[in-house]
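For reference, the chains in residue letters:
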Amino acid sequence: MVPLAVGFYPILAAARAIAGAEQNRSLDVILSQPVPRWHLPVATFAAFTIGLLEMVLLFALITWASAVAFGVDLDLGDMLAGSLNLLPLSLIYGALALIVSAVVRQPSLVTGIAGGALVLGYLTDAVGKIAADVDWMADITPFRFYGSAIENGLDAADVGVLLAGAVLFCVISIPVFARKDIRA
Amino acid sequence: MSEDAIVCERLTKRYGKHRGIEDIDLRVHPGEAFGFLGPNGAGKSTTIRALMGFLRPTSGRAEVFGFDCWRQSVEVAKHVGNLPGDFTYDEQLTGWEVVRHVARLRRHDDLAFARELAERLEADMDRPLRHLSRGNHQKVGLVQAMFHQPRLLLLDEPTGGLDPLMRETFLDLVAEARADGATVFLSSHNLEEVHRVCERVGIIRDARLIATEDIGDLIRRALRHVRITAAAPIDPAPFAALEGAQDVHGDGTTLTLRLAGEVDALVKLAAQHEIVDLEIGRASLEEVFLSFYGRTENHVA
């Protein structure tokens, strides 16, 4: 469930920063300044990446400290790898929320669509892993590239695919947002 | 590049069920104060949003100081102070935080004029926006639009929520900006306010710019409500014969009428009586439309 909880953070951040700002009209003030439109999705992507990094590092340290306090043998390096592994997967869905934000203007709709994709991906992956006759389902979502880093360490190739996907989504959101009518 | 501050050529924006604007042709010269009059929903805000590059024109084009409003919106924004209708921003921030944020985005470090504006408008700049009245929101909006002393001020219904005293201060500030060479584009549905600031007005109704007028001409030809109270009974007939007189009612010593056009003849006629009281009230914008442009309605539709 942790990927679900963490994955919602960048979705909410993207919904608030773009669709939310359009809906509450603070986007009018921002775009009245000499700021190129591409700054908005890119800055939002940067902001939720930093926020996620802080979140997963804090999560790793608290979990590790709690484990140590209760005498559980947990390697800090493994714990950090497991937590950092949440980052690329969450970024994919955050960047998807950027694209949706560049199209619709209701933050709840952004959260619904991108959050729905996250939940659907999680469930599809879980079903595929449990039921052998539909095991292909585990291969069709971004969760395919979310291994068990806490046991096996970070897989550079998987992380690379997810990060590339997140960057691609962010890049796609730029022209989509640039063409958007910012309505009153 | 165009020398004009604002140029719209057949500017059209349609979206969904909303009408937007149709074929707006407009030129505002540098240093001019141009009033943009029309009822709510007529297309005033849509025009301003197209000028700011928020909306992509369906057809036609708009330029500000020679820069295309859609393709070169960053260049446009450098020269424009924009006050959106019903200004609002992150409600957690105080007025000063909003202004500092805008200043950072503009790379404009000097807040001296912002302080002067805030002081003169008596703006409450230290409390979060969520605790501010509509009038105080608007003051913060005016400070953020004007503090960088832009070449063009785009003001969408700027005095909404301001008390009469602050309205005067605002009108003084706009006059001073103009004296410093700024161009002003003021959208309003308040004829009096536009009269105070602007030399020319564009009148927009049902998405179309139906006229551009010298404000003096508009006021002279606009409908007025007249009420004359005389010391002795007053004959309505000569008043009904006046050019532009409508709905003339005489009730003993009191006479009421509506007058479209010059007041000179009316005053001279009234002066033949011993006048106890004379009231001449300005018509509302809606009435101006009805009296002055009602006849063009068939051409517009």
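Residues numbered from 1 in each chain as written. Chains lettered and ligands numbered in written order. Predicted model: local features only at pLDDT ≥ 70, side-chain atom pairs only at ≥ 80, totals over all residues. Heavy atoms only, no water.

- As recorded by an unreviewed UniProt entry, chain B carries the name ABC transporter ATP-binding protein and is attributed to Svornostia abyssi.
- Heading Sequence similarities (unreviewed entry) of the UniProt record for chain B holds this comment: "Belongs to the ABC transporter superfamily." (UniProt positions renumbered as here; feature names shortened; annotations may be inferred.)

### Brief notes about unusual backbone geometry
All names here are of chain B.
So, step 1. At aspartate 23, a residue that is not glycine, the phi angle is positive and equals roughly 50 degrees.
So, step 2. Tracing the backbone shows aspartate 23 in strand S2 (residues 18-28).
So, step 3. Of note, arginine 107 is a non-glycine position whose phi angle comes to about 55 degrees, a positive value.
So, step 4. Judged by its relative accessible area of 74%, arginine 107 falls in the exposed class. (Helix = DSSP H or I, 4+ residues; strand = E, 2+ residues; numbered from the N terminus. Buried < 20%, exposed > 50% of the residue type's maximum accessible area, 1.4 Å probe, protein only.)

### Digging into the interface of chain A and chain B
So, step 1. Residue-level contacts link 21 residues of chain A with 26 residues of chain B.
So, step 2. Roughly 2000 Å² is buried in total at the junction of chain A and chain B, and carbon and sulfur atoms are behind 57% of that figure.
So, step 3. The interface formed by chain A and chain B contains 2 salt bridges.
So, step 4. For the salt bridge of Asp28(A) with Arg49(B), the shortest nitrogen-to-oxygen distance reads 2.8 Å.
So, step 5. On the surface where chain A and chain B come into contact, there are 12 residue pairs in polar contact (both at pLDDT 80 or more).
So, step 6. Per-element tally for the side of chain A that touches chain B: the top contributor is helix H2 (residues 26-31) of chain A, with 5 residues. (Contact = heavy atoms within 4.5 Å. Buried area = accessible area lost by both parts, 1.4 Å probe. Salt bridge = Lys/Arg side-chain N within 4 Å of Asp/Glu carboxyl O. Polar contact = N/O pair within 3.5 Å; in protein donor to acceptor, adjacent residues only side chain to side chain.)

### Some points on the domain arrangement of chain B
So, step 1. We note that the domain assignment places domain 1 (6-219) and domain 2 (223-282) within chain B.
So, step 2. The distance between the C-alpha centroids of domain 1 of chain B and domain 2 of chain B comes to 39 Å. (Domains from an automatic or database assignment.)

### Let's talk about the pairing of strand S13 (residues 254-260) of chain B
Residues and elements named next belong to chain B.
So, step 1. Summarising the sheet, strand S11 (residues 223-230) and S13 pair through 7 bridges and their orientation is antiparallel. Bridge pairing in S13 places isoleucine 228 opposite leucine 255.
So, step 2. Where strand S12 (residues 245-251) meets S13, 5 bridges bridge the pair, whose relative direction is antiparallel. Counted as the bridge partner of histidine 249 is threonine 256 from S13.
So, step 3. Remark: 2 residues form the turn of the hairpin made by S12 and S13, two consecutive strands paired antiparallel; glycine 252 in that turn has positive phi of roughly 65 degrees. (Pairing = 2+ DSSP bridges.)

### Examining the sheet that holds S12(B)
Residues and elements named next belong to chain B.
So, step 1. In spatial order, the strands read S12-S13-S11-S14; together these 4 strands make up an open sheet with antiparallel pairing. Because the sheet does not close on itself, it has two edges, and the strands there are S12 and strand S14 (275-282). Ignoring which end each strand starts from, the neighbouring axes of this sheet average 10 degrees apart. (Axes fitted to C-alpha atoms, helices over the stretch in contact; angles between N-to-C directions.)

### A look at the packing of helix H4 (residues 76-84) of chain A against helix H5 (residues 86-101) of chain A
All names here are of chain A.
So, step 1. Contact geometry of H4 with H5 gives a least axis separation of 5 Å together with a crossing angle of 10 degrees. On the basis of the axis angle, H4 is roughly parallel to H5. Mapping the contact onto sequence places Gly82, Ser83 and Leu84 in H4 and Leu86, Leu87 and Pro88 in H5.
So, step 2. Grouping the amino acids of the contact of H4 with H5 by side-chain chemistry returns 4 nonpolar, 2 polar and no charged. (Parallel < 35°, antiparallel > 145°, perpendicular 65-115°, else oblique. Nonpolar A, V, L, I, M, F, W, Y, C, P; charged D, E, K, R; others polar.)

### Notes on the environment of Thr159(B)
All names here are of chain B.
So, step 1. When you line up the elements, threonine 159 lands in the loop between strand S7 (152-156) and helix H6 (164-179).
So, step 2. Counting along the chain gives 34 residues from threonine 159 to glutamate 193, while the straight-line C-alpha distance between them is 8.8 Å.
So, step 3. If we skip the residues at most four places from it in the chain, threonine 159 touches Gln138, Arg167, Phe170 and Glu193.

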